[in-house]
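# Coordinate inspection notes
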Amino acid sequence: MNLLKMSELVCAMLTAGTPGVLCVLMGTRGSVPGALGSCMLVTEAGSAGTIGGGVLEYRAANSARDMLSRNEAPRRERFSLDNSAAGALGMICGGECDVLFLPLSPGDAALQVFSRACGASGGAWIVLSAEGDEIAAADDTGVLCGALSGSLPPEAFGDRARLERTGGREYLVLPVKDAGVAYVFGAGHVGGALAPLLAELDFSVCVCDDRAELLERFAAPVRTVACDFARLDEIALKPNDYAIIMTRGHEWDYDALVWALRRAPRYVGLMGSARKMALTRERLLRDGFSEETIAGIRNPIGLKIGARTPTEIAVSVAAELIAERAGLL
């Protein structure tokens, strides 16, 4: 779960008057199942997000619920994932990690901090002190809400979680940003399998088609737009969005492809054969698109996993989008 969605969950929880504990991977060393900055929100009713799963997550969730029942202060706890170490969890990953347990109550400053981070235009960051006694929302110009005892350098505000030391203290800087929307152009067999899968994988998903009866199959959180592929201007495609083109016909594919390329999202994928792409390339060149722009189109769409059925193809496309989101493409 990206931090924007986690922040929205925190805001909803506190607005409803429910206390909880935010568990954050504050430091990792060696082989561990979670990444720096991974978060899990724990309430009496359950949990959301993950810090890596397994015994680590089970133990952390139980500790968080104990904190809620005892009304304890924030604390940082180290977990050994080396089964040979004293006090180890029984996991064999071999590394160790620090988890910050941050209690959140409806009456404290957390609601304002997370709300400000969610609402910041252009992205924001949640900054947590290693001990959990300082929390703030910030952008690259400085603190928006909350308080920090030290100032952070500009390079702290990046696309990934980062530890920074300043003023003799350590802070974790967590990016809160719009992760983009995956627009699936085409609600046919592959689109029908792909959209709910992407939603399960924590993508924001919107399916676009001119066949209302097919759009009716999709349920929240997947959004739908009834559209004419020749006139897509009602859709605001942004630079961090994904355009997945798999309509029911080549001409509609081309219309959607041209529209997407002119808006330069982070990912443009076109379903179809190598021959289709070769013909499409010639047409795009005639229409004034550069070789560089055309080379950026993902075709064949999806990772090579031997996919044949619509559901298998959906899995391959989803895998490719995960790789793009992780910065691996």
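Check the entry above for the structure.
Residues numbered from 1 in each chain as written. Predicted model: local features only at pLDDT ≥ 70, side-chain atom pairs only at ≥ 80, totals over all residues. Heavy atoms only, no water.

## A word on the pattern of salt bridges
So the rule is basically this: Think of a salt bridge as a Lys or Arg side-chain nitrogen and an Asp or Glu carboxyl oxygen that are within 4 Å of each other. Three labels apply to residues, based on accessible area from a 1.4 Å probe with only protein chains included: buried if under 20% of the type maximum, exposed if over 50%, partly exposed otherwise in between.
This structure, assessed with the given rule, holds 24 salt bridges. Among the salt bridges present, the one from Glu 72 reaches Arg 70, with a minimum N-O distance of 3.6 Å. The residue Lys 238 makes a salt bridge to Asp 241 at a minimum N-O spacing of 3.4 Å. Of the residues examined, Lys 238 reaches a relative accessible area of 29% and is grouped as partly exposed. Taken together, the shared-partner salt bridges in this structure form one network comprising Arg 29, Arg 76, Arg 78, Glu 96, Asp 98, Arg 165 and Glu 170.

## Digging into the sheet that holds strand E10 (residues 169-176)
Worth spelling out the cut-off: By the convention used here, strands pair only if DSSP detects at least 2 bridges between them. Put simply, DSSP H or I for four residues or longer makes a helix, DSSP E for two residues or longer makes a strand, and each gets a number counted from the N terminus. To obtain an axis, a line is fitted to C-alpha atoms, over the contacting stretch when the element is a helix, and the angle between two such axes runs from 0 to 180 degrees between their N-to-C directions. Residue contacts follow a heavy-atom distance rule, with two residues in contact if any of their heavy atoms lie within 4.5 Å.
Read across the sheet, five strands follow the order E8-E7-E6-E10-E9 without closing on themselves; strand pairing throughout is antiparallel. Pairing within the sheet leaves two strands with one partner each, and these edge strands are strand E8 (142-146) and strand E9 (162-166). Neighbour-to-neighbour, the strand axes of this sheet turn through a mean angle of 35°, independent of strand direction. Contacts from helix H1 (residues 3-15) reach strand E6 (124-129) and E10 within the one sheet, and its direction differs from that of E10 by about 95°.

## Looking at the layout of surface pockets
Test applied: Residues are said to line a cavity or pocket when one of their atoms sits within 4 Å of a point; the points come from a 1 Å grid over protein atoms alone, cavities being sets where a 1.4 Å probe fits but cannot get out and pockets being open sets with protein on both sides within 12 Å along at least five of seven lines. Grid points are joined across faces, edges and corners, and a volume is the space filled by probe spheres set on the points. Each residue is assigned to one of three groups, with Ala, Val, Leu, Ile, Met, Phe, Trp, Tyr, Cys and Pro labelled nonpolar, Asp, Glu, Lys and Arg labelled charged, and all others, Gly among them, labelled polar.
Taken as a whole, the largest pocket spans an internal volume of roughly 1,100 Å³. Lining the largest pocket are 29 residues, and of these Met 1, Asn 2, Leu 3, Asp 159 and Arg 160 lie nearest its centre. Sorting the residues of the lining of the largest pocket by element identifies H1 and E10 as the ones contributing at least two each. Here the residues of the lining of the largest pocket sort into 13 nonpolar, nine polar and seven charged. Taken as a whole, the second largest pocket encloses approximately 290 Å³ of empty space. Taken together, 15 residues line the second largest pocket, and the ones lying closest to its centre are Pro 300, Ile 301, Gly 302, Ala 307 and Ser 316.

## A short note on the sheet that holds strand E4 (residues 75-80)
Read across the sheet, five strands follow the order E3-E2-E1-E5-E4 without closing on themselves; strand pairing throughout is antiparallel. Taken across any chain shown, the strands that pair with only one partner, and hence form the sheet edges, are strand E3 (46-49) and E4. Averaged over all pairs of adjacent strands, the angle between their axes in this sheet comes to 25°, without regard to strand direction. Bridge count between strand E1 (residues 20-29) and strand E5 (residues 96-104): nine bridges; the pairing is antiparallel. Following the sheet pairing, Leu 25 is matched in E5 by Val 99. Packing against the sheet, H1 makes contact with E1, strand E2 (39-43), E3 and E5, and its axis sits at approximately 20° to E2.

## Brief notes about the side chain of Lys 276
Mapped onto the elements of the fold, Lys 276 is located in helix H7 (residues 274-286). The buried category is assigned to Lys 276, whose relative accessible area is 12%. Dropping the residues within four chain positions of it, Lys 276 is found in contact with His 250, Asp 253, Leu 270 and Met 271.

## Section: the pairing of strand E12 (residues 204-209)
With five of six residues buried, E12 lies mostly within the body of the structure. Note: strand E11 (residues 181-185) against E12, five bridges, orientation parallel. Following the sheet pairing, Ala 182 is matched in E12 by Val 205. Bridge analysis of E12 against strand E13 (residues 223-226) gives four bridges, and the strand direction is parallel. Paired with Cys 208 across the two strands is Val 225, which belongs to E13.

## A short note on the nonpolar core
Where we set the bar: In these notes, a set of buried Ala, Val, Leu, Ile, Met, Phe, Trp, Tyr and Cys residues joined through side-chain atoms within 4.5 Å is what counts as a nonpolar core.
In terms of nonpolar packing, the biggest core is built from 28 residues, with Leu 22, Val 24, Leu 104, Phe 114, Ile 126, Leu 128 and Leu 174 touching the most fellow members. For this core, the secondary structure elements donating two or more residues are H1, E1, E2, E5, helix H3 (110-119), E6, strand E7 (135-139) and E10. The leading source of residues in this core is H1, at seven residues. With residues up to four places along the chain from it excluded, the contact list for Phe 114 reads Ser 7, Val 10, Cys 11, Leu 22, Ile 126 and Ile 135. Counting 27 residues, the second-largest nonpolar core is a separate cluster that includes Phe 185, Leu 237, Leu 257 and Phe 289.

## Here's the deal with the side chain of Glu 324
Along the chain, Glu 324 falls in helix H9 (residues 310-325). With near-sequence residues (within four places) excluded, Glu 324 lies in contact with Tyr 242, Arg 266, Tyr 267 and Leu 329.

## Let's talk about helix H6 (residues 250-261)
Residues separated by three or four positions in an α-helix point in the same direction, a consequence of the helix having 3.6 residues per turn. The cut-off we apply is this: Expected span, for any helix, means 1.5 Å times one less than how many residues it has.
With 12 residues, H6 should reach 16 Å at 1.5 Å per residue; the first-to-last C-alpha distance of 16 Å fits that figure. Taken residue by residue, H6 has Asp 253, Tyr 254, Ala 256, Leu 257, Val 258, Trp 259, Ala 260 and Leu 261 as its buried positions. Buried residues belonging to H6 abut E11, strand E14 (242-245), strand E15 (267-270), H7 and helix H8 (291-295).

By themselves, these are just geometric observations and shouldn't be taken as functional.
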